[in-house]
Structures are given as structure tokens and as C-alpha cells.
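Residues per chain are reported as follows:
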Amino acid sequence: MLTRNCLSLLLWVLFDGGLLTPLQPQPQQTLATEPTENVLHLPGRRSHFQRVKRGWVWNQFFVLEEYMGSEPQYVGKLHSDLDKGEGTVKYTLSGDGAGTVFTIDETTGDIHAIRSLDREEKPFYTLRAQAVDIETRKPLEPESEFIIKVQDINDNEPKFLDGPYVASVPEMSPVGVIRTALPNMDREVKEQYQVLIQAKDMGGQLGGLAGTTIVNITLTDVNDNPPRFPKSIFHLKVPESSPIGSAIGRIRAVDPDFGQNAEIEYNIVPGDGGNLFDIVTDEDTQEGVIKLKKPLDFETKKAYTFKVEASNLHIDHRFHSAGPFKDTATVKISVLDIDEPPVFSKPLYTMEVYEDTPVGTIIGAVTAQDLDVGSSAVRYFIDWKSDGDSYFTIDGTEGTIATNELLDRESTAQYNFSIIASKVSNPLLSSKVNILINVLDVNEFPPEISVPYETAVCENAKPGQIIQIVSAADRDLSPAGQQFSFRLSPEAAVKPNFTVRDFRNNTAGIETRRNGYSRRQQELYFLPVVIEDSSYPVQSSTNTMTIRVCRCDSDGTILSCNVEAIFLPVGLSTGALIAILLCIVILLAIVVLYVALRRQKKKDTLMTSKEDIRDNVIHYDDEGGGEEDTQAFDIGALRNPKVIEENKIRRDIKPDSLCLPRQRPPVEDNTDIRDFINQRLQENDVDPTAPPYDSLATYAYEGNGSVADSLSSIDSLTTEADQDYDYLADWGPRFKVLADMFGEEESYNPDKVT
């Protein structure tokens, strides 16, 4: 208890003298009041104009570490200016260690530490205090934060960090480098030395405490010893069947040094085994591993002798004068004879055979030998796991290969299978070799046109014009430089309409031979083309090409290839046909409009009376002539306009005066149909005798001025035999096609046209 009071007094003196400084900025203090104990005053609520006399305002307390008393250690006291000592104020504590390390008396505000503290574990604690009204449970003032610092005492002796300490000294170091070093220290004799060092704390309230540590001094190695072979000759036995790259033996040189100073490099001295063997260093054991570079053969050579040199990989030049840091040993290798399988004369056999070769034909042979001292006979057989086992057979003794089935190159062009050779004395010893058989092609398929062509020729085509390029294809395997030739079949070479031009590059062109073609005369032409290859035996085929005649423009662009276009009127252009169709449509529209107006006029006549429609009497001021009246309307005017010129008076109406018809000028030769129609329409529009209704005028005739007269079938003869078509040749080039079709010089036969 006395110790606690002394410590508290010491803390007051320190704070009073200003030796301790709060962790956070302090509010302005007043020196009017002296403290009587460790009290933390909480600011109360004051009016703005009232000056209050108060004590110090602290924000930190102090507590000693390692307190061993029987009662809780007193830390300090919290006090609020609003606490009048009537028990209406309750003090609360929260924050770091509240309730577990520090407790507070809710009535008095006294703070105690309930367990021993260690400054080395936690130097300070941050807590928050508040005064609360007991009745209303409301805070009387804002929460205040303060710090409790743990005071250190001298309870630990000095220590060496990260001990024990290790120092290294090169071996063979001279005296004086380290005072504790012995003269001529050798790592190979002793590797490590230990030194005890003591540290003492001369100050502190508890007196001087001391600490000790051990320093290990390790000698570092230097390369001062050369490698040495324990013996001068090494004997190794190696089977001749050892694979290339395998380790066949190990030798070792001893170096008393350590670490990298003991690393050894092995090399084969050029000599007997330089080409067959190699040696490498095992990094873990520092042994020399001898490996095989080439295969061994007991029958060729039974023993090998060579030298191996071992040297230090890292040489210390300070000890170079001590002598060469290397050693040499002799290696003798004896080759052991092993019973080996037969060996084929070739690693791969390649053979060729023509397709359709008769079954049983020998196409080649394989050879294998037993190279051991006591040679054995060899048996051959096909590896039945391969795909070509059923197409070929092999003679088990001779090794000859023959066909077992007919071969088809178009089905399979190459066969790949394996043949096994085994010893008769030991069938388990066998070897395998691959057989590659190429099936050669026999020219059995003729060449054909590669794709079906749709060939067209214009009606206005010129002779010598190429209208189609064709190429050929052959189902046989075409050899390098295979050539196809094209020509016209002999039966089509007589007066041909088309011919074939061979370009000598496996293509040909279809060439026209006539000056123009007519769809009316012949729409389709069939051209037989003979294609021949250059293989043996020569194969050829005749391919028929279909050529269609089409209508084209002047540039050769195809306009129409339809059959219906053939039946269009001869000599009429497309513009003329369109004009005729437009006129027909206009006339139909006029007729429909006229009929509609007539019907409307009849309806208006029925409603002339204003009385009830049931009292109206409908009458017509028109009387007919009866069945015998054949002069009311002449239907011939609709069939032939010539009748109009013969009749002087129109009989379908009552003319006011007798008018003679006008003389119409004859139509000139080659008059355009459009001009002709427009002329006739104008004449009817100004004709005063034209019928006002129920009349129809047709113009489907050539006109009086045409040299061909009318082409209408009304006045034509009944049979073609009664007609003479010789006059068509005098009508000019426009009727040349008709003259050729109906002329007597050459009858028209489409089957003879090519």
C-alpha cells in the first residue's frame, strides 16, 4: 500500500512539474485550483455568460506494469462538475480493456486495474468515459476520451537479437586475422569453433542484469586439394543390346574439399572410345556417368579401352603452385554377346504393282539375317493386325511377296503393312519392317467432259466465233504431263454448222461455221465431240453437246432463248409490238367507256316523267326492218375496209345529205404500222359520215400499198400445195428466212442440220 501511494505521489510531482506531456493537445488549464488526487474532470453544461472555477482537465492516467499486490491497482478518478455528491450521477467506462482490464465505480468514478499489465505487450490503452443521469438514463455531458499509459520497470535482462551468431574464417588464414583463431586452421581437420560472449546491464533500479550468447565461428573451404581416383583402372561389362543414351557404368574421383570446391568435371581423353561413349557428371554424387552414343555389336568388336580425366571445375589460383588439380584413370569395357533377333537388310521396303495384276504374281521380296555367332534360320509372316493382310501373301522361307486379290487403284492407291521375321531356334526373338506398296494406274477409263455445259449461240453470230470453252476429266490417275485432245466426230465433220478448235492445253473451244442461225429453222443443235487421252492404252469417248439458238442484241448479249419467241410476227420489232398492244388496250378502254355511257343514257330516258315511276311508259322511236332487213348494217365493213369504198352511202344511220367518201391515199411501201394506224385514226376522227354508235373499224391488214398485199388467212388458199412461194425471193432481205423455208430449191429437214 505504501508503494502505491509513493508511485501516485511521484506521478503528481511529474505532472505538476510538466515532465509528462499528454498524447493529445490539452485544453487551456487554469492554475487557480491545486489537485488533491488523480481526478479527470468531465466538462458540464454551462451558460455562455457564466465563469466557473474548476480544477485540471486531464486526458491520461498512468499505471505500473507487473503489479503483484493483492488488491486491484488504483488508477485514478472520474468526476463531473454536475455531480453534487447526491448519488444522481452514474459513471460509465468503454473502450480498450474496459471491463476486462479496467473497472470503474459507477457512483464515485474510481478506476482500478484488475490484472497485472506488461508494457512490452501493450504500452497504453484508449478508453472513453461518460456521466449519465441515473433516473433519466440520459447523458449529462458529451463522451470524453482518455489514455491510460503503462509505466515501464527494469524487469528484463539484455539480450542478443537473432543469436547465435555465425562467423566464417577461410581455412589456412594467417595468425592475427582473428584473435581467437588458432594458427594453421584447416577445415578438413575441424570445421567449426564456438565462442561464449556475455553482455551485462550496468544500470537499472533492480541492479545489473547480464545476458550471454554463443558465437559459432565456421571455417570456409578453399580449393586446396585436387581430385584423385581411388584406382587407376575401371572394368565395365556392357551388353551389346544396350540402347543408345543409356548409362552403362559409373566411376568416381575423390576430392576432400567441400561445396563448389569439390565439384568435378569428367572428360574422355581422345582415343579408342571417343566416338562410342560419353561421360557426364552427376551433380548429386559427383560421379562420372558413362553413356552410350552408338550401338554396340559383339560380332564386330568385343572390347574397348579409353582414359577418363577428372579435374576441379572451380580452381583457386592462390593454390595453383601446389600442383595440377586433375587426375586420370583407364576404363576398359567388355561387350557381352546377347542373342539378338534377325536384322532386315532395309529399314523400309517400297514396291510397285499395276492394278488388275493376276492373283499370285510376285511383286518383291524381303531379307532378314541372324547375325549372332550361331546363326539360325529365319521365318517370315505378315503382321495380321495390319489392314493389308488379305491382299498379299508372303513365302515364309524365301520372303517373297505376292498378290492375293485383284487390286483396284481407284479404290485403294497404296497399301502399308508390316512383315515380321523371327528365329526358328527362338521364335520369341523377332523384328518387324514396314512394307509400302504403290498400286500403279492402268488406263481403263476414257476422258469425259468435266461438267455439263449449257451452250448458246446467237442468231446473228459470225463465222469463226468461239461460243464455249470446254475441258475434260479422267477418272484414272492422270500421270504428269497427261494431255487430252479434242476433235469433231467424223459423221459431223461433213458441212458442219460448228467445229471444235483444240487449244493444246487440255481445253477446246466450240467455233461457229455459219453466218447467222435461225430459231425458226432449228432451235437446237447436237454437236458430237471426241476426247482422247495420251495414256497407254489410249482411251477416248464421244460426248454430245447441246447448243441452243438464242436471240441476242448487237453486242452479243442474249435476250431470249424461249421457244415462244419463235412464233412472234416476222419483221416486227419489239417497239412495234409494244405500240400495237398499247393501241389495243386504248381501244378496249374506249369501247368500255362507250358502253357505260350508253347504259347511263338509257337509265336517264326511263326517268323523263316526274310522275310515279310506275306510271311511266317506255317507248323507243326506232323501228327495225324485221328479219328480211339485211341492209341495216353491213357486217362486211368490220371484216374488210375495202367494202367501205364500194358503198357510197352509210346504211346504219340516216344521213342528212348524200356525201361521197373521201379518196384515201395509198399506203407507201415499208410504211411503219404506227404511222398507218395514226393515219387511219385521224381520217375517222374528221369523217362526217362516221357512225355515232354501234360501229367498229378494224385495221388488221397490210394495206393497199404493200407489195406483199394482205397476209390475212381469210382470203388465203385452202392448201399449201395450191400456193406459189417463188415470189418471196423478190421481196428483199426481210423475207429471206421465209424464202429459205418455203422455197423449192432445198427442202427444210431439221434432222439434217448440225
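Residues numbered from 1 in each chain as written. Predicted model: local features only at pLDDT ≥ 70, side-chain atom pairs only at ≥ 80, totals over all residues. Heavy atoms only, no water.

Per an unreviewed UniProt entry, the protein goes by the name Cadherin-12 and belongs to Panthera leo. The UniProt entry for the protein carries this comment under Subcellular location (unreviewed entry): "Cell membrane". (UniProt positions renumbered as here; feature names shortened; annotations may be inferred.)

**Some points on the sheet that holds strand β30 (residues 466-473)**
A sheet is described by the order of its strands in space; here four strands give the open sequence β28-β30-β33-β32, paired in antiparallel fashion. Single-partner strands in this sheet number two, and they are β28 (448-449) and β32 (498-502). (Pairing = 2+ DSSP bridges. Helix = DSSP H or I, 4+ residues; strand = E, 2+ residues; numbered from the N terminus.)

**Here's the deal with a nonpolar patch on the surface**
Taken together, Ile-586, Leu-587, Ile-590 and Leu-681 make up a surface patch of nonpolar side chains, about 360 Å² in accessible area. It is helix α2 (residues 574-606) that contributes the most residues to the nonpolar patch, three residues altogether. Considering the arrangement of structural elements, one finds Leu-587 in helix α2. On the accessibility criterion, Leu-587 (45% relative accessible area) is partly exposed. (Patch = residues over 30% accessible without salt bridge, like charges linked within 9 Å, V, L, I, M, F, W, Y side chains within 5 Å. Areas by Shrake-Rupley, 256 points an atom, 1.4 Å probe, with all protein chains shown as cover. Salt bridge = Lys/Arg side-chain N within 4 Å of Asp/Glu carboxyl O. Buried < 20%, exposed > 50% of the residue type's maximum accessible area, 1.4 Å probe, protein only.)

**Details of the pairing of strand β33 (residues 507-512)**
With six of six residues buried, β33 is to be regarded as a mostly interior element. Neither face of β33 is exposed, since Thr-507, Gly-509 and Glu-511 on one face and Ala-508, Ile-510 and Thr-512 on the opposite face are all buried. Bridge analysis of β30 against β33 gives five bridges, and the strand direction is antiparallel. Bridged to Ser-471 within β33 is Thr-507. Sheet topology note: the β32/β33 ladder contains five bridges and is antiparallel. Paired with Thr-499 across the bridge in β33 is Glu-511. Between the antiparallel neighbours β32 and β33 lie four residues, among them Arg-504 with a positive phi of about 65°.

**Some words on the side chain of Ser-246**
Checked against the element boundaries, Ser-246 lands in the loop between β12 (233-239) and β13 (247-252). At 2.7 Å, the side chain of Ser-246 and the backbone oxygen of Pro-243 are in polar contact. In contact with Ser-246, not counting residues within four places along its chain, are Ile-290, Lys-291 and Leu-292. (Polar contact = N/O pair within 3.5 Å; in protein donor to acceptor, adjacent residues only side chain to side chain. Contact = heavy atoms within 4.5 Å.)

**Structural notes on a negative patch on the surface**
Where like charges cluster on the molecular surface, the negative patch consists of Glu-66, Glu-120, Glu-121 and Asp-152. With respect to the helices, strands and loops of the structure, Glu-121 is situated in the loop between β6 (110-113) and β7 (124-133). (Lys, Arg positive; Asp, Glu negative; His and termini not counted. Charge placed at Lys NZ, Arg CZ, Asp CG, Glu CD.)

**Focus: the state of the cysteines**
Tallied over the entire structure, the rule returns two disulfides. A disulfide bridge connects Cys-458 with Cys-552, and the sulfur atoms are separated by 2.0 Å. Across the S-S bond of Cys-458 and Cys-552 the torsion is about -85°, and the bridge reads as left-handed. Within this pair, whereas Cys-458 is found in strand β29 (residues 455-458), its partner Cys-552 is found in strand β35 (residues 540-552), the two being separated by 94 residues in sequence. The disulfide partner of Cys-550 is Cys-561, and the gap between their sulfur atoms is 1.6 Å. (Disulfide = S-S within 2.5 Å.)

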